[in-house]
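What follows is the residue order along each chain.
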Amino acid sequence: MPALTFALNHMTAPALTLDAFFALAVSLGMTAVEIRNDLDGNAILDGTTPDEVKALAARHGVTIISINALQRFNEWSPTRAAEAKELIDYASACGARALVLVPKNDGTGQADGERQANLREALTALKPLLDATGIIGLVEPLGFEICSLRSKREAVEAIKAVGGEQTFRLVHDTFHHHLAGEPDLFADLTGLVHISGVEDPAVSVSDMRDGHRVLIGPADRLGNISEIKALLAAGYSGPLSFEPFSPAVHDVGDPQAAVAESVAFLRENI
C-alpha cells in the first residue's frame, strides 16, 4: 500500500491569507495545496494576480494541485464557457495543475437522459480548453440528493464517451462518496481525494451538509479509514486533501495543531 501523502485545501483555514495558508501547509510538512475562487476577501476573488500566486507558491515551496472550482460546469452556456476559460487561464498562469469541476446542485437537471447529455456536452466543450494549457479537469460528483451528478460511474462513462481519459480525472470526496451510497471506486481515474469527517451524532445521512464536515478523528461517522484504505488498495497513490467546511474547524485558534492531530490519527489507523 502506498505511503500517505496529504494536501491542504484553503477551506481548512479560509480566513488565512494565501501567504499564511501556504505557510500553514509547510508547517504541517505538506507541499501540495488547493486554492479556491470562492473565498471573499482572499485570493482569487480579491484580485490577486496569478503571477503573485505563483511567486508566493515558489517562495513557500508548495505545488498548487488545483483551483477549486468551476461551479455548475455541467450547465454549459456562453457564460460558463467564459468562466471556464478565465479560470483555466488563471490556473495555467499561476502554476496550478488542475481545475475542479463542480456540478449544479439545486435540484435541476437530474432527469435520466438529460443529466448524462448535459455532462457530455460540458466535457466535450471543456476538453480543448483544458488540453490547450495542459490543465487537468477534476470532475467532482456530489452526494447530495439534489445534485445533478451524484454518480462517479456516470462521470467515468461520460469521460470515456468523449475520449477524455487524458484530460479528466475524478475527485473522490469521502463525504460525498458516503452520501451518494455508490460503492464503486474508480482509483485508476481518480486524480484527487478530498477528506473530511462528520461527528454530529444527531444528523441523518440525508441531512448532512457541508457545515457538518470536520477534520477526521475517532468519532467520524463516515468510515473514512476503511474508505481510504480501499482506495489505496485499489491503486490510488495521490494526495489526500483536507477539506473541512465546518465553522467549528474554521474558528479553531491553532489550525496547525488541529490538522496535525488529524494527520496523526490517519497515519496511526491506515
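Right, let's walk through the structure included here. Since we're looking at a predicted model, the values are computed, not measured.

Calculation rules
Residues numbered from 1 in each chain as written. Predicted model: local features only at pLDDT ≥ 70, side-chain atom pairs only at ≥ 80, totals over all residues. Heavy atoms only, no water. Helix = DSSP H or I, 4+ residues; strand = E, 2+ residues; numbered from the N terminus. Contact = heavy atoms within 4.5 Å. Core = buried A, V, L, I, M, F, W, Y, C linked by side-chain atoms within 4.5 Å. Buried < 20%, exposed > 50% of the residue type's maximum accessible area, 1.4 Å probe, protein only. Phe/Tyr/Trp six-rings, centres within 6.5 Å; stacked < 30°, edge-to-face > 60°. Pairing = 2+ DSSP bridges. Axes fitted to C-alpha atoms, helices over the stretch in contact; angles between N-to-C directions. Expected span 1.5 Å × (residues − 1). Arc of directions from axis to C-beta.

### Description of the environment of Glu-154
As for its placement among the helices and strands, Glu-154 is situated in helix α5 (residues 152-161). Residues Glu-154 and Gln-116, 38 residues apart in the sequence, show an inter-C-alpha distance of 7.3 Å. Those residues in contact with Glu-154, other than ones at most four positions away along the chain, are Arg-115, Gln-116, Leu-119 and Leu-149.

### Some remarks on the nonpolar core
Among the nonpolar cores identified, the biggest contains 69 residues, and Phe-22, Ile-67, Phe-73, Leu-126 and Phe-242 are the most heavily contacted of them. Examining the composition of this core, we find that six residues originate from one element, helix α3 (residues 78-94), more than from any other. With residues up to four places along the chain from it excluded, the contact list for Ile-67 reads Ile-35, Ile-44, Leu-87, Tyr-90, Ala-91, Cys-94, Ala-96, Ala-98, Leu-99 and Val-100. The next biggest cluster of nonpolar side chains, apart from the first, holds 19 residues, and it includes Ala-69, Ala-98, Val-203 and Met-208.

### Focus on the packing of aromatic side chains
All chains considered together, the criterion is met by three aromatic pairs. With centroids separated by 5.9 Å and ring planes inclined at 45°, the aromatic side chains of Phe-21 and Phe-22 adopt a geometry described as tilted. Grouping residues by exposure puts Phe-21 and Phe-22 together as buried.

### Thoughts on the sheet that holds strand β4 (residues 98-101)
An order of β1-β2-β3-β4-β5-β6-β7-β8 is seen for the eight strands of this closed barrel, with the pairing classed as parallel. On average, each strand axis in the sheet is tilted by 30° relative to the strand beside it, whichever way the strands run. Here strand β7 (residues 190-195) runs beside strand β8 (residues 240-242); their pairing, made up of three bridges, is parallel. Following the sheet pairing, His-194 is matched in β8 by Ser-241. Its contacts with the sheet put α3 on β2 (32-36), β3 (63-70) and β4, and the angle it makes with β3 is roughly 170°. Strand contacts of α5: β5 (136-139) and β6 (168-173), with the helix running at about 175° to β6, the strand carrying the most contacts.

### Thoughts on α3
Helix length check: α3, at 17 residues, gives a terminal C-alpha distance of 24 Å against a target of 24 Å (1.5 Å per residue), a fit within 8%. Arg-80, Ala-84, Leu-87, Ile-88, Tyr-90, Ala-91 and Cys-94 are the residues of α3 that are buried. In an axial view of α3, the angular spread of the buried residues amounts to 160°, which keeps them on one side of the axis. Turned more than 90 degrees from where α3 packs its buried face, Pro-78 and Glu-86 sit exposed. Packing partners of the buried residues in α3 comprise β2, α2 (50-60), β3, β4 and α4 (114-131). At the exit of α3 stands Gly-95, carrying a positive phi of roughly 90°.

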